[in-house]
Amino acid sequence: MKALSLKNVSTLCMTAALAVSSVMMPSIASAADAVIDNAPQVSTLRGVAPLNAEPTPPMIEKVENNDLKRQRDYPQQPPTIPHDISKYQLDKNFNKCMDCHSRKFADEAQAPAVSVTHYMNRDGDFLGEVSPRRYFCTQCHVHQLESKPLVENEFVDMEKLIRKSHKQAK
Amino acid sequence: MKKIIHLLKLGWTILSKPAVHLSLGFLTISGFIAGVIFWGGFNTAMELTNTEEFCTSCHEMRDNPFMELQTTIHYSNRSGVRAICSDCHVPHNWTDKIARKMQASKEVWGKIFGTIDTREKFEGHRLQLAQNEWTRLKANDSLECRNCHQFDSMDFTRQSKRAAAQHSSALANGEKTCIDCHKGIAHKLPNMEGVREGTSPH
């Protein structure tokens, strides 16, 4: 064995560190370092700048703004937002989303009205107003960027899985 | 009382008599020069009250609406064009401007008696203050918006689909004006209960 590949080294380190960590707490840090060193270059939102330095802010990404509905990956998925929502006011006073997406204004804006589940409380009772737990839209609904994904998406649709298992059963 | 009436009468007799020592030319020319100085001075003073420095010299405006403006596109954007307070809040047309400035005397009153001198008081008055501006812009067909944003120069093909659809229909046929949809673009909106149902929590 002339040279260990980097991956092997770090795996070894990690295994060793994990073995020791049950006895010695500080080793966890080195284990974590090993994992980070080996990870693909995906940085935090803050970027790779050290904590005491001010990183240069990245360019603002182009937001998908084509008003085309995306397919949902699973039935319960909150639909993505197919338009720009920058500077929309969404606070305890006002909800800009509901300016178009509430039942009352959906016709004039030709926006999909929020479903009735948004008016249900946790006990399943229907309220007259949007339920407080559903008020902040961006907790579930997010806009999309027109950018290259940082990592490959290996998500498999539920239906595909079902079909596959059906085939295997046959 | 009699003395005052006597003085007024004396003043009138002096004013109604032709000048004895001063020539007509002197009176005309000096009257003209005095007029120019007075008019210029008046306009300069009025323009001074139209500057951002003047508006933000009071903490009420500096700490509330001006702070909120700074996060919006009317303050900071890619091309560096920006609007100051008076661009949106004072009509450019002279007679309308004078009318607005006379209304603003009420704001001096508010300043003296501290109507909105704390954040809480400002929040309490926010809806009323906003409604004043919405009413004014609705009545003048969003004149202050249109001072910069010309409908005829809008390129719908450069707008998003939604924007183009609204601008080419409701705005084009005069059914709606800018402020109907573009409320709260330069300052935060208050609770809109009673203005736009369903957009604010109870």
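Numbers given to residues run from 1 along each chain, matching the order in which its sequence is written. Chain letters start at A and ligand numbers start at 1, both assigned in the order the entries are written. A pLDDT threshold of at least 70 governs which residues receive local features in this predicted model, and a stricter bar of 80 or more applies before side-chain atom pairs are shown or counted, although totals over entire chains, interfaces and linings include all residues.

Quick look at the overall build of chain A now. Looking only at helices and strands, chain A has five helices and zero strands in total. When the helices and strands of chain A are read in sequence order from the N terminus, they spell out α-α-α-α-α. Once C-beta atoms are placed from the backbone, each residue is buried if 20 or more other C-beta atoms lie within 10 Å of its own, exposed if 12 or fewer, and partly exposed for counts between those two. Across the 170 residues in chain A, those meeting the buried criterion constitute 8%. Within chain A, counting contacts between residues at least 6 apart in sequence, those at least 24 apart form 38% of the total. Each helix corresponds to a stretch of at least 4 residues labelled H or I by DSSP, and each strand to a stretch of at least 2 residues labelled E; elements are numbered beginning at the N terminus. Note on contacts: residues are paired as contacts if their backbone-placed C-beta atoms lie within 7 Å.

Scanning chain B from terminus to terminus reveals twelve helices and zero strands. Helices (α) and strands (β) of chain B occur, in sequence order from the N terminus, as α-α-α-α-α-α-α-α-α-α-α-α. We take the radius of gyration over the C-alpha atoms and set the globule estimate at 2.2 Å times the residue count to the 0.38 power. For 202 residues, the compact-globule estimate of 2.2 N^0.38 gives 17 Å, and the C-alpha radius of gyration of chain B, at 24 Å, exceeds that figure by more than 25%. The C-alpha extent of chain B, read off along each of the three principal axes, is 75 × 40 × 30 Å. A burial count over chain B gives 10% of its 202 residues as buried.

This brings us to unusual backbone geometry. A positive phi is found at A:Lys87, a non-glycine position, where the angle reads about 65 degrees. Mapped onto the fold, A:Lys87 is located in the loop between helix H2 (27–38) and helix H3 (98–101). In this structure, B:Asp141 takes a positive phi of about 55 degrees despite not being glycine. Tracing the backbone shows B:Asp141 in the loop between helix H9 (119–139) and helix H10 (143–146). On the basis of neighbour counts, which here come to 12 C-beta atoms within 10 Å, the residue B:Asp141 falls in the exposed class.

Further remarks concern the interface of chain B and chain A. Counting residues at the interface gives 17 residues for chain B, matched by 16 residues for chain A. Taken together, the residues that form the side of chain B that touches chain A break down as four nonpolar, eight polar and five charged. As a working rule, the residues Ala, Val, Leu, Ile, Met, Phe, Trp, Tyr, Cys and Pro are called nonpolar, Asp, Glu, Lys and Arg charged, and the rest polar, with Gly in that last group.

What follows concerns the environment of B:Ala83. All names here are of chain B. Structurally, the position occupied by alanine 83 is in the loop between helix H5 (65–69) and helix H6 (85–89). Overall, alanine 83 belongs to the partly exposed group, with 19 C-beta atoms counted inside 10 Å. For the pair alanine 83 and isoleucine 116, spaced 33 residues apart in the sequence, the C-alpha separation amounts to 24 Å. Not counting chain neighbours up to four residues away, the residues in contact with alanine 83 comprise His74 and Cys88.

Turning to helix H5 (residues 158–169) of chain A, a few remarks are in order. Across its twelve residues, H5(A) extends 17 Å between first and last C-alpha, which sits within 8% of the 16 Å expected from 1.5 Å per residue. With zero of its twelve residues buried, H5(A) lies for the most part at the surface. One less than the number of residues in a helix, times 1.5 Å, gives the span that helix is expected to have.

A few words now on the environment of B:His6. Residues and elements named next belong to chain B. Along the chain, the position of histidine 6 falls in helix H1 (residues 2–16). A count of 10 C-beta atoms within 10 Å places histidine 6 in the exposed class. For the pair formed by histidine 6 and threonine 44, sequence separation is 38 residues and the distance between their alpha carbons is 38 Å.

Here we take up the confidence of the model for chain B. Averaged over all residues, the pLDDT of chain B equals 92, while 100% of them reach at least 70. At the level of chain-chain contacts, confidence expressed as ipTM amounts to 0.80, with global pTM at 0.76. pLDDT gives the predictor's per-residue confidence on a scale running from 0 to 100.

Should the pLDDT be low somewhere, the predicted coordinates at that spot are not to be read in detail. Residue and element names in this part refer to chain A. When pLDDT is averaged across chain A, the result is 79; 75% of the residues are at 70 or more. The least confident element of chain A is helix H1 (residues 6–21), whose mean pLDDT is 41; the most confident is H3, at 94. Under a pLDDT of 50 for its full length, residues 1–32 has, in the predicted model, 18 contacts with residues more than four places off or in other chains.

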